[in-house]
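Observations on chain architecture
Here is how the chains run, residue by residue.
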Amino acid sequence: MTTELPAITKSIDARGMACPGPLMSLIGAIRAGAVGEAFEVLSSDAGSRTDIPAWVAKAKHEMVAVVDEQGYARFVVRKAH
Amino acid sequence: MPARVVVLGGGVGGTLVANLLSKRLGRDATVTVVDGSGMHVYQPGFLYVALGQADALWLARDERTLLRKDVELVVENAARVDPTAQVVQLVRGGTIPYDHLVLATGSRIVREQIPGLVAGAHDFYSLDGALRLREALRTFRGGRVVIGVAGIPYKCPPAPVEFTLMVEELLRHKGLRSRSQVTLLSPLNRAFTVEPASKLVQPIMEKRGIELQTFFNVESVDPDKHTVSSLEGETVEYDLAILVPPHRGAKVLEDSGLVDDGGWVPTDRATLQHTAHERIFALGDATDLPISKSGSTAHFEAPIVASRIASLIKGTAPREAYTGRVMCFLETGNGRATALRFDYAHPPTPPTPSRMWHWAKWAFNRAYWITVPQGRIA
Ligand SMILES: Cc1cc2nc3c(=O)[nH]c(=O)nc-3n(C[C@H](O)[C@H](O)[C@H](O)COP(=O)(O)OP(=O)(O)OC[C@H]3O[C@@H](n4cnc5c(N)ncnc54)[C@H](O)[C@@H]3O)c2cc1C
């Protein structure tokens, strides 16, 4: 099954970039973005699976999709407010 | 005719690229560094200045003294780059044509982007800021100290954690600890982005009674009410707020249409080339790579940029690629430090904080001027 993803405003390839790390880079993009825009971050860090959805829930944005790829995951988040 | 290489910015990355290219290419190229200040600033020192542990004079040197003799230095700000005509325009009207251009203009801080930040908070991200904070710490008589982050990306991701531990130590030495509360407002769900490093640091914070408030990305400061609010919807009170200000890329690159919305250069993670202009390279803080904005990153990127430009000039196939290598120290206070070393393929596994890493950092701070700009540390 393929997931239908929204148009992505900005994609961040944070694979292998331990510092500042995928979540920090995603927060930076969402801070700078406009309400309604979707952002994507690619992460090879297993911790992202819990860290990214936890922040998205806390900050009340929308977790659109988590897609497994070969050796990494793709997280898509929409800025909700 | 020798190839013309122009380097914008004489900081860590620009100085090293220029020296490596001139050494490598000799008469095959002319290398020109354009830097607005003509002074090279060792920014990690701001932290020590703010804490009253270092003199501001130690932090800056004349850029000319750090460049090889055959590198030309133009002390003037660049106003614009025209990638089609391949020229750099200077603010006083002069132009410098190039065959290959290196963007090493670093980042600038834009405090005004956060409401209340200028009036309500301190930081150690510029020399002025560090001197003002030093004065605020000198006259501080105890209270609530909060340390946080008001913009992403920012230089040197471990700096807020380091500063928190060092401020706590300072308050203890001044006999103010029992009258003070120290809180780190972390943008993430732990003290520091690198999880194994967080696992080393958090118990130290706990032992020293430092509070950790997680998922707190500073959105605004109220200087009258003495509160800081987060974009996650929380508010804390403070007597002394020390907040990392937002950063942007250099204005010259924005005015030239060479960057993204944040002012960062779209850069290939392996070749360090501008994704739309093959004759333009970028390194250090200027790139849009989601890697730490640190002198260490610029230092390890510089040989790749130099080698790839040298190949283009000599007409050989460029071989070297950036592997994402970064190495930095993390001071944990009480004379101890750990080290973070990683690349795209190897995540960091920081050692237990020890005196050895603290001394390594100290030695590095001392030896910076005679090693890093010249490429003596590989
Ligand atoms: C408090 C603090 C602590 C830090 N600690 C560490 C640490 O422990 N380890 C570490 O590795 N890094 C650390 N850093 C980060 C490090 O200092 C920077 O990441 C590094 O200096 C980036 O190098 P750069 O060459 O990209 O830019 P810079 O060194 O900032 O140089 C940019 C240069 O470009 C010039 N410039 C800008 N615009 C123009 C223009 N229009 N025309 C001409 N010239 C221009 C500027 O004058 C400047 O000389 C720290 C930074 C701070 C603030």
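Since we're looking at a predicted model, the values are computed, not measured. (Residues numbered from 1 in each chain as written. Chains lettered and ligands numbered in written order. Predicted model: local features only at pLDDT ≥ 70, side-chain atom pairs only at ≥ 80, totals over all residues. Heavy atoms only, no water.)

1. Considerations on the overall build of chain B
Secondary structure summary: chain B contains nine helices and 21 strands in total. What you see for chain B is a C-alpha radius of gyration of 21 Å, in line with the 21 Å of a compact globule of 378 residues. Taking the principal axes of its C-alpha atoms as reference, chain B extends roughly 70 × 40 × 35 Å. Buried residues in chain B amount to 57% of all 378 residues. When contacts within chain B are restricted to residue pairs at least 6 apart in sequence, those whose partners lie at least 24 apart make up 63%. Of the accessible surface of chain B, which amounts to about 15,600 Å², a share of 51% is contributed by carbon and sulfur atoms. Positive and negative side-chain charges in chain B, numbering 42 and 39 respectively, have mean positions lying 7 Å apart. (Helix = DSSP H or I, 4+ residues; strand = E, 2+ residues; numbered from the N terminus. Rg over C-alpha atoms; globule rule 2.2 N^0.38 Å. Buried < 20%, exposed > 50% of the residue type's maximum accessible area, 1.4 Å probe, protein only. Contact = heavy atoms within 4.5 Å. Areas by Shrake-Rupley, 256 points an atom, 1.4 Å probe, with all protein chains shown as cover. Lys, Arg positive; Asp, Glu negative; His and termini not counted. Charge placed at Lys NZ, Arg CZ, Asp CG, Glu CD.)

2. Notes on the sheet that holds strand β7 (residues 87–90) of chain B
Residues and elements named next belong to chain B. Reading across the sheet, the three strands line up as β6-β7-β8 and stay open at both edges, with antiparallel pairing between neighbours. This sheet does not close on itself; its edge strands, each paired only once, are β6 (78–82) and β8 (95–97). The mean angle between the axes of side-by-side strands here comes to 20°, regardless of whether they run parallel or antiparallel. Looking at chain direction, β6 and β7 are connected through four bridges and run antiparallel. Bridge pairing in β7 places valine 81 opposite valine 88. (Pairing = 2+ DSSP bridges. Axes fitted to C-alpha atoms, helices over the stretch in contact; angles between N-to-C directions.)

3. Considering the pairing of strand β15 (residues 227–230) of chain B
Across a regular strand the side chains alternate sides, sitting on one face of the sheet and then on the other. Residue and element names in this part refer to chain B. Side chains of β15 alternate between two faces, with Thr227 and Ser229 and Val228 and Ser230 buried alike. Pairing of strand β14 (residues 218–222) with β15, which is carried by four bridges, proceeds in the antiparallel orientation. Note on β15: the bridge partner recorded for serine 220 is serine 229. Two successive antiparallel strands, β14 and β15, enclose a turn made up of four residues, where histidine 226 displays a positive phi of approximately 60°. Pairing analysis gives three bridges linking β15 to strand β16 (residues 235–237), with the strands arranged antiparallel. By the bridge assignment, serine 229 is partnered in β16 with threonine 235. Linking β15 to β16, which pair antiparallel, is a turn of four residues; within it glycine 233 sits at a positive phi near 95°.

4. A few points about the site of the ligand
All names here are of chain B. In the vicinity of the ligand, 30 residues are found, and the nearest of them are Gly13, Asp35, Ala78, Asp285 and Ser296. The contact in question runs from an oxygen atom of the ligand to an N or O atom on the side chain of aspartate 35, over 2.7 Å. Between the ligand and the protein, one listed contact pairs a nitrogen atom with a backbone N or O atom of glycine 36 at 3.2 Å. Coverage of the ligand by the protein amounts to 88% of the 1,000 Å² it exposes when considered alone. Among the secondary structure elements, those contributing two or more residues to the shell around the ligand are α1 (12–25), β2 (29–35) and α8 (295–314). (Near = heavy atom within 4 Å. Polar contact = N/O pair within 3.5 Å; in protein donor to acceptor, adjacent residues only side chain to side chain.)

Keep in mind these values describe shape, not function.
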